[in-house]
Amino acid sequence: GWLFYASTQVNARNSIFRDIPALNAYLTRCQSVLQQGQPHNDILLYWPVSDLWMSGGKRELVLSLGVVPFAALGILDDVKREGYVASGMRLRAPDGSVVMETPTPPGDPAPIDSSGGIMRPALHAIMQRLTRDAGVTITLGVSPTGFLDEADGVTVRLSDGSSRTVDLVVAADGIFSQTRQLLFPEAAAPMFTGQGCWRIVADRPATVDRAEIWVGG
């Protein structure tokens, strides 16, 4: 159809329609708590090593319809150097004809007006450097085996037999999260919804000077 494949249609025909208010309320509560203070915490980030430290092999592209987070982290110049960032958007019909093209702002576009893409290993290398430069303590080869919520923080038991008490635990371990299974063992497992997406990585032609979306079919 004529809908962008990665969009979410929030209407009564969508299976998650009735749950959206609860999801939005949850996000509101989390943001309200986070915004009440200044970030000065001892944080344990659980991010599987295979995701964080890969430096080659799989050629997977990270697409971003906005580069504001990269600018906020101070790595936008690195992303521009290792990937491709441009401004504007072009819509094409199935036959390749241009349906719509947004004008580009003059001069150097602001991050809010830009989008782009970068290879996942390149982005991981940038984030690895940023993490080390921030003085974060990095421990490889371990995973959490249990959590104890205490008055002065969270004690995390690790697979090597050690434990660590921190202010905040961030578990970025994906849809089949081991952390979720530990904390909520009765929670329903992820289920395939029937929707799939095919992606390929190819060299960018010189004519592709901005984000392009082909609609229809």
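Remember, it's a predicted structure, so these values are computed and weren't measured experimentally. Every chain begins its residue count from 1, and numbering advances along the sequence as written. The model is predicted, so local features are restricted to residues of pLDDT at least 70 and side-chain atom pairs to those at 80 or more, both for listing and for counting; the totals for chains, interfaces and linings are taken over all residues. Side-chain figures throughout are based on the complete set of non-hydrogen atoms in the structure, without hydrogens or water.

Visitor: I keep staring at the overall build of the protein chain and nothing clicks. Help me out?
Guide: A run of DSSP states H or I qualifies as a helix once it reaches four residues; a run of E qualifies as a strand once it reaches two. Both are numbered from the N-terminal end. A count of helices and strands for the protein chain gives 6 helices and 11 strands. The cut-offs for exposure are 20% and 50% of the maximum accessible area for each residue type, with area from a 1.4 Å probe on protein chains only; residues under the lower value are buried, those over the upper are exposed, and the others partly exposed. A buried classification covers 22% of the 217 residues belonging to the protein chain. A fraction of 67% describes how many contacts in the protein chain between residues 6 or more apart in sequence connect residues 24 or more apart. Note on areas: these come from Shrake-Rupley sampling with a 1.4 Å probe, and a residue is covered only by the protein chains present in the view. Entry remark: accessible area of the protein chain is about 15,800 Å², with carbon and sulfur atoms responsible for 57%. The criterion used for residue contact is that any of the two residues' heavy atoms lie within 4.5 Å.

Visitor: For this particular structure, what's the right way to read the sheet that holds strand β8 (residues 153–158)?
Guide: Working definition: the strands of a sheet are paired by backbone hydrogen bonds and lie parallel or antiparallel to each other. Pairs of strands are assigned from DSSP output, requiring at least two bridges between the strands. Overall, antiparallel pairing links the 3 strands, which are arranged β7-β8-β9 in an open sheet. Among the strands making up the open sheet, the edge pair consists of β7 (144–150) and β9 (163–166). Each neighbouring strand pair of the sheet contributes to a mean axis angle of 20°, computed without reference to strand direction. Judged from the 4 bridges that link them, β8 and β9 form a sheet pairing that is antiparallel. Of the residues in β9, the one forming a bridge with R157 is S163. Axes here mean lines fitted to C-alpha atoms, for a helix over just the part in contact, with angles spanning 0 to 180 degrees between N-to-C directions.

Visitor: How should I be thinking about a negative patch on the surface in this particular structure?
Guide: Residues enter a patch when their relative accessible area is above 30% and they make no salt bridge; the linking distance is 9 Å between like charges and 5 Å between nonpolar side chains (Val, Leu, Ile, Met, Phe, Trp, Tyr). The rule for a salt bridge is simple: a side-chain nitrogen of Lys or Arg has to be within 4 Å of a carboxyl oxygen of Asp or Glu. Only four residue types enter the tally: Lys and Arg on the positive side, Asp and Glu on the negative side; His and the chain ends are excluded. A charge is said to be at NZ when it belongs to Lys, at CZ for Arg, at CG for Asp and at CD for Glu. Together, D149, E150, D152 and D167 make up a negatively charged patch on the protein surface. Its location among the elements puts E150 in strand β7. On the basis of relative accessible area, E150 is assigned to the partly exposed category, the value being 35%.

Visitor: I would appreciate a short explanation of the sheet that holds strand β4 (residues 89–92) in the present structure.
Guide: Taking strand neighbours across the sheet as the criterion, the 3 strands line up as β5-β4-β11 in an open arrangement whose pairing is mixed. The open sheet has two free edges, formed respectively by β5 (98–101) and β11 (211–214), since each of these has just one partner strand. Taking each pair of neighbouring strands and ignoring which way they run, the sheet shows an average axis angle of 20°.

Visitor: How do you make sense of the confidence of the model for the protein chain when you look at a structure like this?
Guide: Caution applies to low-pLDDT regions: their predicted coordinates should not be interpreted in detail. When pLDDT is averaged across the protein chain, the result is 80; 82% of the residues are at 70 or more. The predictor's confidence in any single residue is recorded as pLDDT, a number from 0 to 100. For the protein chain, per-element mean pLDDT is lowest for helix α2 (residues 49–52), which scores 54, and highest for β8, which scores 92.

Visitor: Help me understand the nonpolar core, please; the structure alone is not making it clear to me.
Guide: Where a protein is soluble and globular, its nonpolar side chains tend to be buried together. Nine residue types can take part in a nonpolar core, namely buried Ala, Val, Leu, Ile, Met, Phe, Trp, Tyr and Cys, and a core is a set of them joined through side-chain atoms within 4.5 Å. Judged by nonpolar contacts, V67, F70, I75, L76, V79, I118, A122, L123 and I126 together constitute the single largest core of 9 residues. Taken together, the elements giving at least two residues each to this core come down to α4 (76–82) and α5 (120–133). Top element by residues in this core is α5. It accounts for 3 residues. Those residues in contact with I126 that lie beyond four places of it in its chain are I75, D78, V79, E82 and I118.

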